[in-house]
Amino acid sequence: MNKVISRALLTMAFAALAAGGDSGWAQAGRASRNLSTRKQDISIGNAGVQISYRVRTGTMDVLWPDGHQLLGIVSAASLADGRTISTDMYATHTVDRDEPSSSGAQTRVYTIRSAGNGLPSMLQRIWFSAGKSSFSIEAELDMDASYVGTRHFDTLVIRQEDPVRIPSAKELRVLHVPFDNDMWFRFASEPVSSIKEGELFSGQEVTAIYDDTIRQGIVIGSVTHDTWKTAIDIRTSHGHLANIDVYGGISAPSGVRSDTHDVIPHGLVHGDRVISPRIFVGSFSDWRDGLDAYAETNAEIQPPLQWVGKLPAGWNSWAAYGDKIDYQRYLGAAQYVHDTLIPKGFGKNRTVYINLDAFWSRLDAVQLQDAVASIRAMQASDGTHFEPGIYWTPFAYWSENLDAFVEGTDRRYHYRDILLKGSDGAPLPKVDGGRPIDPSHPGTKLRTELYLSELRRLGFTYLKIDFLTHGALEGAHYDPAVQTGIQAYNMGMKQIVDGAGGKMFLSLSIAPLFPSGYGHARRLACDTKGHINGNEQSTEYMLNALTYGWWTNKRLYILDPDHVVLGEHGDLGARNVEEGKSRLLSAVISGGMVLDSSPLADDPQARTLAQAVYNEPKWFEVASAGEAFRPVDGATGSSASNAFVRTSETGGNLAVFNYDDKNATTVRVPVNRILPAHPARELTQVVNTETGRAVPVTDGMISVVLGPAESRIMTLTFQTQP
């Protein structure tokens, strides 16, 4: 049978499934007893997606009703004894009866067993949910192979040319997602045609393969994050995709720093059961819907850490004062926020946190206690409540004195004891200037217990925790049960969440994207300041992360767009009102957290800019919804989209940006790119959200003239087409 499934056969197959009932399970139920009408194939699925498993070849093809296809999938593993096994190497492939999943009656799980040829058997476990055009898959080694173990477990690997079929696509693109938000890594959307033959295009945890013009695409990504660092490696041949490998075990040659900051291979995973990462695969008419669905699947497996309080706003000391922070500046900035910014709408209906960042040790114990009391005593006339926040790096050590005793251990451990080691017993090299600490060491656990109890005792209710990727590095961990960096990270972060006891808002700064569930918020992009452009620390850099990472908001974390910095005495602070307002608007559309970090205690320029920039009550109303905007365009390479939209049934908002700080520009947005697809809508009105003035729409195009570094947000009104 031709590997490219004909549209006619595809239509007949899905028509048969749909005839079984609205849920699509009636036919699937019969399939559990007679899983194939042709000896060489096993057919499983639902009305939204079908898998045809080729018994003769040990490969599977995925078929969707819209004509999208993913062809030639196998699962494989590189065992520690040098053997490589792959499902296309086995003689027999059988499928177990489908059973309801623990996820609920609407989810079914099938298990395909590959055996024979003198190889250790391998299982492939596949989940389908009724009514969804996606499934998830994991692989498992048998007991003998599990005891041998693996550092590289391919859940889904394709070794053929042109395995992704999206019939209407003209220019397929692939999405690169970085492992964490450190070192100003960027998201990137790359045309397949521009990836050179033999060149590796790699990303972490998730990718989308899509055509942004028609927006159709396929999303592939990991949804379990308890053991593995998951990579997606892609290669091309003759301008087409030719190899896709989705595997647990991101690694690099010893001594070569990988995208995960590791310098040694991924940990060897072995024991009674070795299971690959579980991978989500789905086809969507809009790739943005696919990433939303991927995030929701992650949230079902590992729910986000819920915050029952109000969305935070406030001030942070880092970009404003760095290591020059002191008692007077801390309280002076707080007073300015209270007296001047709150009346302008800053922090309205929020809890306002006044946060000490690094170098808070410049305040002595008495000053810390007094500062906390002073902040908590502040009350705005509108009832806005103030709370104090602080900073900590649980998995990084900054001193050269390795013989120093570890706090909280009663002098039982020196810092050299708790540092993460390589296989030779030597501490791992520094990352970002800090030495990695082993989360599994008992000295680390005692230190964590002390810090959290003391910070809570002092009265801090917001904790910014930074340099967390240090805790996810591969190494020789103290606890022999910890085999990988991600296992250690889960252990360390769980202790932090438990120690915070639900009494502190946990904001993750530099941190891996996954695993989630250990912070209420996470930096969308780290160390963003106030300039509109520049490869690092700019508004455009942060909005690159929103362009391709909006989907994490609320499903994984509350998005934290980092600090708004105003004035040239702050670190890379906005130099004028237009630049400052663009930085504020970037925070408004990235989930609505607004944390200033301007030198408000004593800098006249920062104060003047703050009064002008934060005088936007209607913008703060948009921010209060806590929603992240989607990109209008997703074909921007490693740059940011210049237009973002949030829509509902009746309307929404459109934000546009000019990233040029020297020249004016006109941003043109086609109306058909921002209308909701279902049900059909038409745009009836566009107004400037700030002024209420109408914005003209001509020939199906919204055109907005923006000055240098300027941005604008507009309110949209829709009505249903007759």
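Everything here concerns the structure above.
What counts, and at which threshold
- Residues numbered from 1 in each chain as written.
- Predicted model: local features only at pLDDT ≥ 70, side-chain atom pairs only at ≥ 80, totals over all residues.
- Heavy atoms only, no water.
- Helix = DSSP H or I, 4+ residues; strand = E, 2+ residues; numbered from the N terminus.
- Rg over C-alpha atoms; globule rule 2.2 N^0.38 Å.
- Buried < 20%, exposed > 50% of the residue type's maximum accessible area, 1.4 Å probe, protein only.
- Contact = heavy atoms within 4.5 Å.
- Areas by Shrake-Rupley, 256 points an atom, 1.4 Å probe, with all protein chains shown as cover.
- Lys, Arg positive; Asp, Glu negative; His and termini not counted.
- Charge placed at Lys NZ, Arg CZ, Asp CG, Glu CD.
- Pairing = 2+ DSSP bridges.
- Axes fitted to C-alpha atoms, helices over the stretch in contact; angles between N-to-C directions.
- Parallel < 35°, antiparallel > 145°, perpendicular 65-115°, else oblique.
- Left-handed = near helix turned anticlockwise from the far one by under 90°.
- Nonpolar A, V, L, I, M, F, W, Y, C, P; charged D, E, K, R; others polar.
- Phe/Tyr/Trp six-rings, centres within 6.5 Å; stacked < 30°, edge-to-face > 60°.
- Lys NZ or Arg CZ within 6 Å of the ring centre and 35° of its normal.
- Expected span 1.5 Å × (residues − 1).
- Polar contact = N/O pair within 3.5 Å; in protein donor to acceptor, adjacent residues only side chain to side chain.

### Here we look at the overall build of the chain
The secondary structure content of the chain amounts to 14 helices and 39 strands. Scaling as 2.2 N^0.38, a compact globule of 722 residues should have a C-alpha radius of gyration of about 27 Å, and the chain matches this with 27 Å. Counting all 722 residues of the chain, 61% fall into the buried class. Pairs at least 24 residues apart make up 71% of the contacts formed inside the chain by residues separated by at least 6 positions. In the structure as shown, the chain presents an accessible area of about 26,700 Å², 50% of it carried by carbon and sulfur atoms. Put simply, the chain has 67 plus and 81 minus side-chain charges, and the middle of one group is 3 Å from the middle of the other.

### Looking at the sheet that holds strand β38 (residues 701–706)
Read across the open sheet, the three strands follow the order β35-β38-β37; overall the sheet is antiparallel. Each of the sheet's edge strands pairs with one partner strand only, and the pair in question is β35 (665–670) and β37 (697–698). As paired elements, β35 and β38 share six bridges and run antiparallel to each other. For P670, the partnering residue across the bridge sits in β38 and is M701.

### Describing the packing of helix α9 (residues 442–458) against helix α10 (residues 485–500)
For any two helices packed against each other, one specifies the crossing angle of their axes together with the interaxial distance. At their nearest, the axes of α9 and α10 sit 9 Å apart, and the two run at 30° to each other. In terms of their interaxial angle, α9 and α10 are classed as roughly parallel. The interaxial crossing formed by α9 with α10 has right-handed handedness. Of the residues in α10, those touching α9 at K445, T448, E449, L452 and R456 are M491, Q495, I496, G499 and A500. Class assignment of the residues belonging to the contact of α9 with α10 gives a composition of four nonpolar, three polar and three charged.

### Here we look at the side chain of S597
Within the secondary structure, S597 is located in the loop between β31 (594–596) and α13 (604–613). Residue class for S597 comes out buried when judged on its relative accessible area of 0%. Filtering out sequence-adjacent residues up to four positions away, S597 remains in contact with W315, N316, S317, W318, A319, A320, H563, V564 and V565.

### A look at the packing of aromatic side chains
Within this structure, the stated rule accounts for 24 aromatic pairs. Each ring, one from F280 and one from Y294, has its centre 5.8 Å from the other, and the planes form 65°; the classification is edge-to-face. Taken together, the residues span a long stretch of sequence, with F280 in strand β20 (residues 279–284) and Y294 in helix α4 (residues 287–301) at a distance of 14 residues. On the accessibility criterion, Y294 (0% relative accessible area) is buried. These aromatic residues form a ring-pair network of at least three members: F280, F284, Y294, F514 and W551. The residue whose ring lies beneath R278 is W127, and the NZ or CZ to ring-centre distance is 3.7 Å.

### Quick notes on the sheet that holds strand β30 (residues 563–564)
The strand order across the open sheet built from nine strands is β29-β28-β27-β26-β23-β22-β21-β31-β30, with neighbouring strands paired in parallel fashion. Either end of the sheet is taken by a strand with one partner, and the two such strands are β29 (558–560) and β30. Both strand β21 (residues 313–316) and β31 contribute to a ladder of three bridges, which runs parallel. From the neighbouring strand, A313 faces β31, where its bridge partner is V594. Its contacts with the sheet put helix α6 (residues 327–341) on β21, β22 (351–355) and β23 (385–392), and the angle it makes with β23 is roughly 145°.

### Some points on helix α7 (residues 365–377)
Think of an α-helix as 3.6 residues a turn; residues three or four steps apart then line up on the same face. Its 13 residues give α7 an end-to-end C-alpha distance of 19 Å, which sits within 8% of 18 Å, the value for a rise of 1.5 Å per residue. For α7, the elements touching its buried residues are α6, β22, β23 and α9. The residue sitting at the N-terminus of α7 and contributing the capping side-chain oxygen is D364; that oxygen lies 3.1 Å from the backbone nitrogen of V366.

### Let's talk about the pairing of β20
A regular strand places its side chains so that they alternate between the two faces of the sheet. In terms of burial, β20 is largely enclosed, as six of its six residues are buried. Residues I279, V281 and S283 line one face of β20 and the alternating positions F280, G282 and F284 line the opposite face, and both faces are buried. Two strands pair when backbone bridges link them, and strand β10 (residues 134–141) and β20 are joined in this way by four bridges, in the antiparallel orientation. Bridge assignment links I137 to a residue of β20, and that residue is I279. Judged from the six bridges that link them, strand β17 (residues 217–222) and β20 form a sheet pairing that is antiparallel. Looking at β20, one finds that I220 is bridged to V281.

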